[in-house]
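Letter by letter, the chains look like this.
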Amino acid sequence: INTIGVLTSGGDAPGMNAAIRAVVREAIAKGKKVKGIKRGYAGLLQEEIVDMEAKDVSDIIQRGGTILQTARCMEFKTPEGQQRAAEICKKHGIDGIIVIGGDGSFRGAQKLAALGINTIGLPGTIDLDIACTEYTIGFDTAVNTAMEAIDKVRDTSTSHERCSIIEVMGRGAGYIALWCGIANGAEDILLPEKYDYDEQKIVNHIIENRKRGKQHHIIVNAEGIGHSASMAKRIEAATGVETRATILGHMQRGGSPTCKDRVYASTMGALAVDLLCEGKSNRVVGYRHGDFVDDDIDAALAMQKCIPEYQYQISKNLSM
Ligand code: ATP
């Protein structure tokens, strides 16, 4: 490997910059050249490729977002697009690529690997929904951002004796909702993996809690359940308790990464470079049982992950 390309793809996540910085500096330390590819696979197909030096990644470890920017790209999903992308890599002398993103981005990396470009994937998503790893870049920051916001809503919810539905991100995966639900002591946690669409149970829970003298009722609702505002109207009508919905939205994707996200993203970025230098390809970096690991992308994509049942069950007892 002589020249390593790096790109961010899919949704952005805090800590991606720390990973980019680690890739650039570890590669330079190993005597390799680095090229930054802007706007994910879309930028690769547009040849938005820039040389990166150590100074180009100074002052970014503490910043959210991604300096390389990110995109979703339909053209890259076609065999013609992938072929053209591999040719562009060769034209620019890029013989290894590090892709920071989610499962979709890894599928793209898999295609490039099959076309002779060595690829390593780094798990970058706030949703934690990548099966081969217990940690994804950005989850820790996102969940802390959401937790702090929910604390604030809870203060005013208690003062006004309201019920508050707070919608957090996680269209297909309820990890942010589960973690916030436990961390914020939510009375109900609605996860896409568990929700049975029986709103009457929530209504009964609110009425019971009111009788027991609870002054607030916090419902953490994962984005995947949807329509928090109309749910709030229905719950208010059924319980007589003033109910408001707060949708946290994109604030969860931004902000300065936590210490954990900076350290893990830095470690993973450096490890990706080391794997390329060892001649490895079609691998994805993860974190399991206290160690940084790497798996074949095909095997990683075939793995399954589910919400930890024990934590979900105890969350109900802990909010009594
Ligand atoms: P997030 O979890 O944040 O959504 P992601 O990486 O899963 O991240 P996707 O939109 O699924 O996000 O994928 C990002 C890009 O990767 C796509 O826009 C596309 O260019 C490429 N990609 C996704 N799936 C494939 C595939 N099956 N084959 C080739 N490329 C793909």
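These numbers were taken from a predicted model, which means no experiment stands behind them.

S.K.: Just checking my understanding: could you explain the site of the ligand for this structure?
M.R.: Around the ligand, a shell composed of 18 residues is seen, among which Gly10, Gly11, Gly102, Gly104 and Ser105 lie nearest. Counting residues per element, the shell around the ligand draws most heavily on helix H4 (residues 103-114), which supplies six residues. In the shell around the ligand, the residues fall into three nonpolar, nine polar and six charged.

S.K.: Got a minute to help me understand the confidence of the model for the protein in this structure?
M.R.: The predicted coordinates of low-pLDDT regions are not to be read in fine detail. For the protein, the mean per-residue pLDDT works out to 97, and 100% of the residues sit at or above 70. The ipTM for the predicted assembly is 0.95, set against a pTM of 0.96.

S.K.: Before we go on, may I ask you to explain the nonpolar core in this structure?
M.R.: Note that soluble globular proteins tend to have their nonpolar side chains buried in a common cluster. Ala19, Val23, Ile176 and Ala272 are the most contacted members of the largest nonpolar core, which has 87 residues in total. Ranked by residue count, the leading element in this core is helix H9 (residues 259-277), at nine residues. When near neighbours in sequence (up to four residues on either side) are disregarded, Val23 contacts Ile4, Val6, Val34, Ile98, Gly269, Ala272 and Val273.

S.K.: Quick question: what am I supposed to make of H9 here?
M.R.: Given 3.6 residues per turn, any residue in an α-helix points the same way as the ones three and four places further on. Its 19 residues place the ends of H9 27 Å apart at the C-alpha level, agreeing with the 27 Å of an ideal helix rising 1.5 Å per residue. Note on H9: the residue one or two positions beyond its end, Gly279, has a positive phi of about 90°.

S.K.: Hey, could you run me through the sheet that holds strand S6 (residues 163-168) in this one?
M.R.: Two modes of strand pairing occur in sheets, parallel and antiparallel, and in both the strands are linked by backbone hydrogen bonds. With parallel pairing, four strands are arranged side by side in an open sheet as S7-S8-S6-S9. The outermost strands of the open sheet, each flanked by one partner alone, are strand S7 (188-190) and strand S9 (243-247). Between one strand axis and the next, the sheet turns by 15° as a mean value, whatever way the strands run. Judged from the five bridges that link them, S6 and S9 form a sheet pairing that is parallel. Bridged to Ile166 within S9 is Thr246. Lying on the sheet, helix H6 (residues 175-183) is in contact with S6, S7 and strand S8 (217-222); it crosses S8 at an angle near 160°.

S.K.: Sorry, what's going on with the sheet that holds strand S3 (residues 49-51) here?
M.R.: If you trace the seven strands from one edge of the open sheet to the other, you get S3-S2-S1-S4-S5-S10-S11, paired in mixed fashion. Each edge of the open sheet carries a strand with a single partner, namely S3 and strand S11 (291-296). Neighbouring strand axes in the sheet, compared pairwise and without regard to direction, differ in orientation by 25° on average. By the bridge criterion, three bridges tie strand S2 (residues 33-37) to S3 in an arrangement that is antiparallel. Within S3, the residue paired with Lys35 across the bridge is Asp51. H4 contacts strand S4 (96-101), strand S5 (118-123) and strand S10 (283-288) of the sheet and is inclined by roughly 165° relative to S4.

Quick notes on the rules
Residues numbered from 1 in each chain as written. Predicted model: local features only at pLDDT ≥ 70, side-chain atom pairs only at ≥ 80, totals over all residues. Near = placed C-beta within 6 Å. Helix = DSSP H or I, 4+ residues; strand = E, 2+ residues; numbered from the N terminus. Nonpolar A, V, L, I, M, F, W, Y, C, P; charged D, E, K, R; others polar. pLDDT = per-residue confidence, 0-100. Core = buried A, V, L, I, M, F, W, Y, C linked by C-beta atoms within 7 Å. Buried ≥ 20, exposed ≤ 12 C-beta atoms within 10 Å, placed from the backbone. Contact = placed C-beta atoms within 7 Å. Expected span 1.5 Å × (residues − 1). Pairing = 2+ DSSP bridges. Axes fitted to C-alpha atoms, helices over the stretch in contact; angles between N-to-C directions.

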